[in-house]
Every structure is written in C-alpha cells, then in structure tokens.
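Residue strings, one per chain:
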Amino acid sequence: MIELKDVCVSFGKLDVLKNLNLTVNKGDVVAVIGPSGSGKSTMLRAINHLEVIKSGSIFVDGEQVTSDEKKMRAIRQKLGMVFQLFNLFPHLTVYDNIALNPRLIQKLKKEDIDQLVDDLLKKVGLEEKKFSYPPQLSGGQMQRIAIARALAMKPDYMLFDEPTSALDPELIGEVLLVIRKLAEEGMTMIIVTHEMNFAKEIADRILMMDDGIIIEDGPPEEIFTNPKNERTKSFLRTITEREQKKN
Amino acid sequence: MFLDWLFPIMHLPEFLGGALVTLELSIAAFLLSLFLGTLFSLVRYSKKPRLLYPLVTLIVEVMRNTPLLVQLFFVYFGFPQFGILLSPTVAGLSVITINSSAYYSEIIRGGIQSISKGQWEAARSIGLSRAQVFTRIIFPQVIRDVFPSITNQLVLVVFGTSVLSTLDVKELTQVASILNSQSFRSLEIFVFVMLLYYGITEITLTSSRLAYKKWFAPRTERR
Amino acid sequence: MDFSWLPRYSGLITKSLFMTLKLSGLAIVFGMILGVIVGVLLTSKVKPIKYILRAYVELFRGAPLLIQLFMVFFGLAYIHINISLSTTVILVFTLYTGAYVAEITRSGIESIPTGQWEAAHSIGLNYFQIMRIVILPQIITIALPSLIGFFIGMTKDTSLASIIGYSELVKNAQTVMTTTSRPFETYIVVGILYFIICYPMSRFVVFVEDRIRRRQKGIYPVNKTMVKREEFGSA
C-alpha cells in the first residue's frame, strides 16, 4: 500500500502540491489526469523521492519515504519507475541496461540474470534487440526497454510518468500494449497520462488533479461520464474537443 | 623567514606599470590577430585563392603545433642571422599576433562550417550576392556562436605576453622577475602577481559575458 | 642555411627530446589522476571542499604557466623547502594539468542530463556505482577532444621549463645555438621536432570530433526548448 498524508511540495515560492492525501492499495490501477502544472508528475516523483517533500509524509508498505539513502534504496526496490524521456543509458547495451539492478543490487547469478532478461524482453516484445544500443532504437522501443528495466527489479508497484508523451503518435500503441498487459496481470500501478481513452480502458480508478490537489477520485465510468467537479468537466471537454478535431 | 605581504603593495606602481604594458600588448595582439585570423579563416574555408591556401595552411599548422617560446626565439635570435634585427617588443608582438591568428583562423573556420547550409541557400534565394550573404547573414552568426572561444583565446594571448619576459620586455612577469632578483621576496611577489593576472582574466571574462548578453543574447533565447 | 652541425649534436637533441616527453608524460599521468578526483569533488555538495578546490582550479587556470613556475620554484626555496628542479617542474605541471582536467571533468559531469541520474537512482544504484557505470563512461567520449587538445598545448608548454633551467629540448637548443652560432637552423630543427609530436595529435582530435559528431545524433531524446550555448571560461 502507498500512502500520502498531507504532502506539500514547493519549488521556491511556488506551491506545487498542497496537502495531498492519497491511498493506493495493492492491485489498484490508478490513472492520474489533469492540466499541465497540476502537480501530477511531482506527486509521482515524490513517492520515489525524486522530489523533496516540504511537509507531510509518504509511506510505501509502511516504510516512510526519507532522505536516508540506505532506507530509500530498499523502498525503491519495490517501486519501478518509467520516465517520460526514457532515460536509458546510451553507452550500455539493452541487456546491460536491464541487468544492472539484478546484477548489482539483487546480486543474482549470471544464469538467473540471463533468464530474467530474456523473459522481460519477451514480455515487451523486443527479444531481438538484446545486444543493441539505445541510440539504435526507436522511441517506442526505448520506452519498452525502460519498462523492462524497471520490471527487472521485481517491483510491487510501477510508476509511469507520462510514458507516451515524448513519443511520435504511431509509436504510442506498442507501449500502451505493454502497460495494459501489466495491468491485466495484476500489477499495482500509478500512471500519469494524457491518453484519456487508454486511462478509461485499463484504470479502475481515475484521479483528476488541478493546482496541486486531487479534485476528483473515482471509477472511470463516473469520472468520464458524470464528473462532479466543474474543473473536471471543462478539462474533459477541451480534451474531447481536441480529439474530435484530430479525427 | 617571515613573509612581508606589504612588500608587493609598496611596489604597486611598478606592478601596475607592468600590467599596463601587458594590457597594451594583449589588446594590440588581440585586435590584429582577430583581423588576420578572419582573413586566414576565409582562405582556409573556401580553399581559394589557389596559391594562398597551402601557404596559409602551413602558417596555421606550424603556429599551432610548435611552442610560442620556440617561435619567439626563432624570430628574435634567428632572423638576425640574415640581417633582420627586431626590437624585443616588435618581435614579441609580431610572433604573438601571428600565433594567435592561427588559432582564430581555426576557431572562425569551424564556426563558418557549423552554420547550416539552409542559411546560405535562403540568403541566396532572396537575391543577396555571395559577399552580402557572408557579411550580413553568415559572419554575424559565426561571431555569436564562437564568441566564448574568441574570449578564451584572448585570455591565452594575455598569458602569452608573459613569455615575452624572456626577451626583457617590461610586462608584468618581467617586472616581477626583476623585483624578485633584487629583493628575493619571491613568494609574496609571485603570489601577488598571480592574483593580478587572475584579476585581469576575470575582468576579461566578465566583460565578455556582459558584451555577449548585450549584443547577442536577446536575439538568441526563447522567452 | 647550414645544417652540418646536426649529426654532432643529434645525441644531445635526442636526449633533450626525451626529457620533454618524460615531463609531459608524467604531468599528464599525475595531472589526470589529480584532475579527475578534483573534478568529481567539484560536483559534490560539500561547500568547504568545493570552495577550496574551486580556488585552486581558478588560480591555476587564471594565471600564466610561467608565473606558476616562478612562484613554486622561487617560492619554495624562499621558505627553505629544498626540492630538486625536476621535482619542482613536475609538481607545477601536475598542478597545472590537474586544474584544467578538473574543469573538463566537472563540466563533463554536469553536462549529463539529470534524467540519467534519476533513472540510475530509481534502479537502486548508489553514488559510486552511478559514477562508475553511468556517468564517467559517458563523459570520456565527450571530454576526449578537449583533453587531447590540452595535452598538445601542455607538451608545447614544457618549453617554458627551460626558463628556470630545466634541461629539456629548448634549454639544450640554446646551448647548441650559442656554440654553432646558427640560431635560425637550430630553432627550425626544434620546431620540426615539436611539430612531429603535436601534429599527429591534432589530426587525431579532428578525427575524434568527427566520430562524436556523427554518433551524437539521437543519443538523448531532445527537449525541444533547449538552446545550445558554449561555455565561457573554458580555455
């Protein structure tokens, strides 16, 4: 279980998260939507201590997220993070990118690592790229490898920070496919995304954020068809208008 | 063995005199070599005129791959063998100038090469002549792009003037050397002079940064 | 022009060439070790260390090498620390190289996108592992042209050691020049020797820069609002 209690984050004078409260249970698939600057990414990154909390507390399975490097490393092992800009290590092969954590932290044996990498590459559909280098891959391929790298930690939770926002449109589908598969397998995940249709499909819970707080929290049927909050309504309207104009 | 830090301050006039000579030499060498270097870069970039290109390339590569001190001694001690006698200052200034031009040549040439072809094509397509394209469109962008490198080379020119102390040119380093041999208060003198040079370097870098902000930055950055 | 004296002095010239190479070699090796350590420390968050090391780097990059040589050479004798000329010269060149290498290393480290750090933290690596596996390997390629460029410059700068009496190529050339009364030819020979050492390294730098430029397309996903600017004060 991931708990956020009265979490406040500020960048200088700007308050980005204001007394945020949230509980995510094992098995939940949570999609976080909202306008730019609403604090969605900041909330996600705060869980992994990539942003420093001004006040409040975050608990992962009962352990508090803290600045203590050693404690944080144990917590991070449970949190698999996928970034908007992929952040693969360009000078290492795909195999090495994925094998880093199993090799150095989990200290698995070579045969186990080989097996793990092969299984993960199969899962994301990129077995043939095992010894390629990230610059040789397309954006969609890189993101799928990034997902495999995060899964190599055997995490309990997966955090996706706008995983498809930096991708060309035709490459988005292959990444969403992998994420959907993970959700179907029961992985607990929090996805910050702009892909509304995708969110509607796979999430069992939608969070709408605006201006540093969660303004709505409910199942997709409720949020998308019958939003309670005015701001949610206008946000969804602009999104659907844009989608319609595209078609 | 006590250290007298007042000593350098008591000789401030001499040090400032030396610093002035350093600055005069540096600025003269800078302006001359920037001009000469630009001419060289044009020859190096366009590889024409056919006869000048190999000569300029030779000058540039020799100046960049041999030490300044050797170049200096070659001119000051070697030329008299053929009857060409130069004063230390003239010899020193000429050598530093040509040396620095070689570096400016490559800096500017690199800058010209990094301007995308699209700029040349667009400029020609609106009717500008080759010379106009270069002076109005290309060269201004080159200067903006290589401005930091030009500044860095200027700092190296200032450092180069210190080598002229070997020819008894009365710039800052030579003043320090002379004072040192007279009084032997070495540590105080050279630490002081080192700080003086550091000050000159900082002033150069800061003014350059300000100049860049004023002339180029408003047109480069996104608001 | 008369080069007939050349065979007679070839032994001396070869020996002094060797001294030049020895000096630059040692300065490069020691300076690299010092410089990389200082460069990494400059990116740490511990303020006192940062300020002291920053002062060292700024001083040794902000003043001419000749002054640094004079300062250490005369200064040490002045406070009654007696070390050999060789050691003094190697010490100064090491400190000089260290300062420049530190700056190159530091700016290399800071040029790696923060995303790389974040991803590395998120898969559980500690600081040393991140430096060793993710950061330093990537800056080697970036820093190589500047490093080699600096080494070329430093090899030429060893000529300054002649001024305080160190017996490298230029110092012995002065002996040759006075005994043969042929400074013109002497310095041509000396120049050619330096050229033979430095020119291939210069071509190598061009080669490396080309390779990097070709590989650089598409290594990091590009944030479209980034404006590329050169750094000031990185001589």
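**Brief notes about the overall build of chain B**
- If you tally the helices and strands in chain B, you get 10 helices and zero strands.
- Ordered by position from N to C terminus, the α and β elements of chain B give α-α-α-α-α-α-α-α-α-α.
- Over its C-alpha atoms, taken along the principal directions, chain B stretches across nearly 75 × 55 × 20 Å.
- Intrachain contacts of chain B at a sequence separation of at least 6 include 73% that bridge at least 24 residues.
- Surface accessibility of chain B: about 11,100 Å² in total, with carbon and sulfur atoms responsible for 68%.

**Section: the interface of chain A and chain C**
- Across the boundary between the two partners, chain A contributes 24 residues, which contact 21 residues of chain C.
- With both chains or domains summed, chain A and chain C bury close to 2,000 Å², and 66% of this area falls on carbon and sulfur atoms.
- If you sort the residues of chain A by the area they bury against chain C, Phe89(A), His91(A) and Leu104(A) come out on top, with a joint share of 24%.
- The interface formed by chain A and chain C includes one salt bridge.
- Glu118(C) serves as the salt-bridge partner of Arg45(A), at 2.7 Å between the closest nitrogen and oxygen.
- There are six residue pairs in polar contact (both at pLDDT 80 or more) connecting chain A and chain C.
- Among the secondary structure elements, those contributing two or more residues to the side of chain A that touches chain C are helix H2 (69–76), strand E6 (79–82) and helix H3 (94–104) of chain A.

**Regarding the sheet that holds strand E1 (residues 2–11) of chain A**
Residues and elements named next belong to chain A.
- Strands sit in the order E2-E1-E4-E5 across an open sheet of four strands; the sheet is antiparallel. Taken across any chain shown, the strands that pair with only one partner, and hence form the sheet edges, are strand E2 (14–24) and strand E5 (63–64).
- For E1 and E2, the ladder comprises seven bridges, and the chain directions are antiparallel. Counted as the bridge partner of Ile2 is Val24 from E2.

**Structural notes on the side chain of Ser105(B)**
Residues and elements named next belong to chain B.
- Here Ser105 shows up in helix H5 (residues 88–113).
- For Ser105, a relative accessible area of 0% corresponds to the buried category.
- In contact with Ser105, not counting residues within four places along its chain, are Gly37, Phe40, Ser41, Arg44 and Val60.

Conventions used here
Residues numbered from 1 in each chain as written. Chains lettered and ligands numbered in written order. Predicted model: local features only at pLDDT ≥ 70, side-chain atom pairs only at ≥ 80, totals over all residues. Heavy atoms only, no water. Helix = DSSP H or I, 4+ residues; strand = E, 2+ residues; numbered from the N terminus. Contact = heavy atoms within 4.5 Å. Areas by Shrake-Rupley, 256 points an atom, 1.4 Å probe, with all protein chains shown as cover. Buried area = accessible area lost by both parts, 1.4 Å probe. Salt bridge = Lys/Arg side-chain N within 4 Å of Asp/Glu carboxyl O. Polar contact = N/O pair within 3.5 Å; in protein donor to acceptor, adjacent residues only side chain to side chain. Pairing = 2+ DSSP bridges. Buried < 20%, exposed > 50% of the residue type's maximum accessible area, 1.4 Å probe, protein only.

Function-wise, these values are silent; they only describe arrangement.
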